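# Structural overview for review
Here is what each chain is made of, one letter per residue.
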Amino acid sequence: MSVDLKLWHVAVDAPLPGALTYSAANFPGLQAGQVVTVPLGKRTAQGLALAPVEKYESEFKIKEILEIHPEYPVFPPAFLKWISWLSSYYVHPIGLVMKSAIPPLTKESKRKSKKAAVIPDAEPAKRPELTDEQQRVIDGILSKPGFGAHLLFGVTGSGKTEVYIRLLEQVLSEGKQALVLVPEISLTPQLLRRFVNRLGQSVAVIHSHLTEREKTDQWWQMVDKKKQVLIGARSALFCPLENLGMIIVDEEHEPSFKQEEQLKYHARDSAIMLAKLSDCPIVLGSATPSLESYKNALDGKYHLHRMEKRVENRPMPNIEVVDLKSFGRKEKHERDSEERERVFWLSPPLEEKIRDRLAKREQVALFLNRRGMAQIVVCPACGETATCPNCSVSLTLHARHHLVCHYCNFQDKLTEECGNCKQGELRAVGMGTERVEDDLKSLFPNARITRADRDNIQSREALEEMIRQIENREVDILVGTQMIAKGLDFEGLTLVGMVLADIGFNLPDFRAAERSFQLLMQMGGRAGRHLDYPGEVVIQTYNPQHSSIQYAQTHDYIGFAEQELALRRELFYPPYGRLAAIRLQGTNQSAVINAANAIRNQALVMQKTYPALKTLDILGPAEAPLAKLRGNH
């Protein structure tokens, strides 16, 4: 039947492939971007009015919109287009994309947070003199109004944050709002304080450590224009800002900008599209840009801005590479005590430098991207390893007798006797940050040592307290995982040790070398940021010839990028080709395998049918690197 009622496409909060059609006969003033309540089967659901339908042919009775939600604002047109783009590009139901843009609670609620204030109090901060490089970058970005992607490639300690603050001051002076995205791991109280001290109480923040009440309050402060600068992790993208003047993505290379669950999207790439639809500049900052962004800059798609010197011409740190193979052999007949033998992971050069720093009352950071006491527990008699019943991973030893799965949190007790052969005595093999901390306490009994990993730091308050202790020189040695590699800036930190640099080298990922190089450069960049003489970095490795170590030793990003891009070009990997992964999961392994084979067969049929697909390589099906996770194959 032909329908003349005022009909609308509505994105409904349900896993549906597209928008549904509803009548707005009772709401003649309905606008695109308004949140509505609609009937859906036997229940009601929230939805987002997308656009009117001019003509509609259907045998079904059209249901009516029940109400325009009185609380929520009209989503801006650019934001509405962006939500539709996200749904299309990342193949995710538009109603579920819309759900990400709604705060978790209603605007008014009596439940107040008992936590410390989300935004720290501003302290008067001196406005530093800009370096010539900083001034040139700021002028270059501000001279190009409207949409443009700017890659700010500045070495660690070159003052990228000051550039961001000056750009934000300009945006605020024009009466506009700005969005600053940082990786969750870098969103420290220290970083927030730097922005608040300079931009005052115009700053709001959204990240995963906030309560639902706090997230909702921060969302509304931006939407009601009480605040002008939103700093946040990737989810902050979904706050609908009406008058967006600039987006900044700091540490744009960070893998954590990619969300792997539910709506699978890349926050950096999505932010670029939001900037384009909002016609505002976007600044991507990094000391080690992703190869995709660097290639875009080389090709002229992005404007490239370089900052090659540290602030006040402070020197880059000296990097020493220690080959653990040679020390392992030498130490066997030269060890002078049981203690030395026990601390197998610490090379004499790194130990000597730590003792030197402790004598000078300077601070040391040791980085190891593994938690716990030991990576695996194994029976030397039968070779059986303690594994998680829910995941295809080994259990990690914590606190000497506690076995934990880092994926599903399954826990077990370490028994002395092997449960498999009943003869062997289980032994811990490998190491983690807990083991490093333990050994350091034995070696340096007078040193004040703290550990930063997800086992030890589980709340915003704990992170704030740790940072306060380090800033106040109440900590001599900091041991940590990736949590300490990004964004932290401590005046007293002069030595950084990479306990085992090899951990990320051989992962089944074509970006493994790039990620390892970035981590080495970023972690090394924490050393000597406030010194007139070079800080020091010691990289312990079994593979000193690995390309990421060779180029990191000379701070040569461009050399590394040229070599890695040449390899990618040969293999047609991104940024030269595109990869899409179809991941299937289920509790029945054979059903998952059968479904995967069916999809492959269908893809091969499509390839024969459509000439455009002839150049496509169809790989697999193959087990995922973690073939079983939380009970799913």
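Residues numbered from 1 in each chain as written. Predicted model: local features only at pLDDT ≥ 70, side-chain atom pairs only at ≥ 80, totals over all residues. Heavy atoms only, no water.

## A look at the nonpolar core
- With 50 residues, the main nonpolar core has L237 and I247 as its most contacted residues.
- The element contributing the most residues to this core is helix α1 (residues 77–89), with six residues.
- Here L237 is in contact with F79, W82, L179, L181, Y265, A267, S270, A271 and L274, once residues within four sequence places are set aside.
- Listed in part, the 40 residues of the second largest apolar core include I319, M483, V496 and F517. (Core = buried A, V, L, I, M, F, W, Y, C linked by side-chain atoms within 4.5 Å. Buried < 20%, exposed > 50% of the residue type's maximum accessible area, 1.4 Å probe, protein only. Helix = DSSP H or I, 4+ residues; strand = E, 2+ residues; numbered from the N terminus. Contact = heavy atoms within 4.5 Å.)

## A short note on the pattern of salt bridges
- In this structure the tally under the stated criterion is 35 salt bridges.
- Across the salt bridge formed by R268 and E252, the nearest N and O atoms sit 3.2 Å from each other. Of this pair, R268 sits in helix α7 (residues 267–278) while E252 sits in the loop between β10 (244–250) and α7; the two residues are 16 residues apart in sequence, bridging distant segments of the chain. Of the two residues, R268 and E252, neither departs from the other in class, the shared state being buried. (Salt bridge = Lys/Arg side-chain N within 4 Å of Asp/Glu carboxyl O.)

## So, helix α3 (residues 132–142)
- All of the buried residues in α3 are E133, Q134, V137, I138, G140 and I141. Down the axis, α3 shows its buried residues gathered within 165 degrees of arc, on one side only. Exposed positions of α3 whose direction lies more than 90 degrees from the buried face are D132 and R136.
- The inward-facing, buried residues of α3 abut β6 (148–154), α4 (160–173), β10, β11 (281–286) and β12 (303–307). (Arc of directions from axis to C-beta.)

## Here's the deal with unusual backbone geometry
- At the junction of P574 and P575, the peptide bond is cis and its omega measures out at 10 degrees in the coordinates.
- With respect to the helices, strands and loops of the structure, P575 is situated in the loop between α16 (557–571) and α17 (589–609).
- One non-glycine residue with positive phi stands out, namely V91, at about 50 degrees.
- Within the secondary structure, V91 sits in the loop between α1 and α2 (94–100).
- The class of V91 is exposed, set by a relative accessible area of 72%.
- Positive phi values are uncommon outside glycine, yet R630 reaches one of about 50 degrees.
- With respect to the helices, strands and loops of the structure, R630 is situated in the segment after α17.

## Observations regarding the sheet that holds strand β18 (residues 411–413)
- Spatially, the three strands line up as an open sheet ordered β16-β17-β18, and their pairing is antiparallel. A single partner strand is all that each edge strand has here, and the edge strands are β16 (396–398) and β18. Each strand of the sheet is rotated relative to its neighbour by a mean of 35 degrees, with strand direction disregarded.
- Two strands pair when backbone bridges link them, and β16 and strand β17 (residues 402–404) are joined in this way by three bridges, in the antiparallel orientation. If you follow T396 over to β17, its bridge partner there is V404. (Pairing = 2+ DSSP bridges. Axes fitted to C-alpha atoms, helices over the stretch in contact; angles between N-to-C directions.)

## Section: the pairing of strand β4 (residues 43–53)
- Strand direction decides the pairing type here: strand β1 (residues 7–12) and β4, joined by six bridges, are antiparallel. Counterpart to A11 in the pairing with β4 is L48.
- Summarising the sheet, strand β3 (residues 35–40) and β4 pair through six bridges and their orientation is antiparallel. Looking across to β4, one finds that V35 is bridged to L48.
- Count of turn residues in the β3/β4 antiparallel hairpin: two residues, of which G41 carries a positive phi of about 60 degrees.

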